[in-house]
Amino acid sequence: DYELFTAESTHYKAGVACADCHMPYLRDGAAKFSSHDIKSPLIEANRTCAACHTDVDYVVARVKIIQNQVNQTMLASEDAIIAAIEAIKKSAAASGADQALLGEARTLHRKAQLRWDFIAAENSMGFHNPGEALRILASTTDLARQAQVKALLAVSPK
């Protein structure tokens, strides 16, 4: 989360800290303190998002659009990774497969999988920095498709 957030995201550039959204202020009489119940700002958007945004309904809808876009892109990149794995498995089982090309395919697959895992582990489903999340997922798909092609070339007739 922190890595994507600090990679020139909109909120980071605006000087927003993690606690501003995830640990909003509470009041107990005259005392004002940060909540230490760290959770999604969307759970209490009227309290968390409204501290900076006037149209909370718009903000919540926008977050959902961003998260859906990242999720759909993530699923597409997952499909590409699975296709690469299947091609690698099939080619590895074939006799006479070019081991150098299979090695390249495996390396490309690992690079794709690492990027997918990074985004999958990020709790905001891309909201902290949608542009960077989508860029990483595009790279994931590209690397996975390259792995798939290398695996298929490993068993193609010369």
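Located above this text is the structure these notes cover.
The paragraphs below set out a description of the structure included in this document. In this text, all values refer to a predicted model and were calculated from it rather than measured experimentally.

**A word on the overall build of the protein**
Per the secondary structure count, the protein includes seven helices and two strands. Ordered by position from the N terminus, the helices and strands of the protein form the series α-α-α-β-β-α-α-α-α. Relative to the globule expectation of 15 Å for 158 residues, the C-alpha radius of gyration of the protein, 21 Å, shows a markedly less compact shape. Burial status across the protein gives 31% buried among its 158 residues. When contacts within the protein are restricted to residue pairs at least 6 apart in sequence, long-range pairs at least 24 apart make up 65% of them.

**Structural notes on the side chain of Thr140**
Within the fold, Thr140 resides in helix α7 (residues 130-153). Aside from chain neighbours lying at most four places away, what touches Thr140 is Ser77, Ile81, Ala112, Arg115 and Trp116.

**Examining the pattern of salt bridges**
Per the counting criterion, the structure on display carries six salt bridges. Ionic pairing is found between Asp37 and Lys39, a salt bridge with its closest N-O pair at 3.4 Å. Residues joined in a network through salt bridges with shared partners are Asp37, Lys39, Glu44 and Arg47.

**A look at unusual backbone geometry**
The backbone of Met125 sits at a positive phi, close to 50°, despite the residue not being glycine. When you line up the elements, Met125 lands in the loop between α6 (99-121) and α7. Accessibility expressed as a relative area gives 25% for Met125, which makes it partly exposed.

**Section: the side chain of His109**
Here His109 shows up in helix α6. Exposure remark for His109: the relative accessible area of 17% places this residue in the buried category. Look past the residues within four positions of His109 in its chain and what remains in contact with it is Ile81, Ile85, Ile88 and Ala147.

About the cut-offs
- Residues numbered from 1 in each chain as written.
- Predicted model: local features only at pLDDT ≥ 70, side-chain atom pairs only at ≥ 80, totals over all residues.
- Heavy atoms only, no water.
- Helix = DSSP H or I, 4+ residues; strand = E, 2+ residues; numbered from the N terminus.
- Rg over C-alpha atoms; globule rule 2.2 N^0.38 Å.
- Buried < 20%, exposed > 50% of the residue type's maximum accessible area, 1.4 Å probe, protein only.
- Contact = heavy atoms within 4.5 Å.
- Salt bridge = Lys/Arg side-chain N within 4 Å of Asp/Glu carboxyl O.

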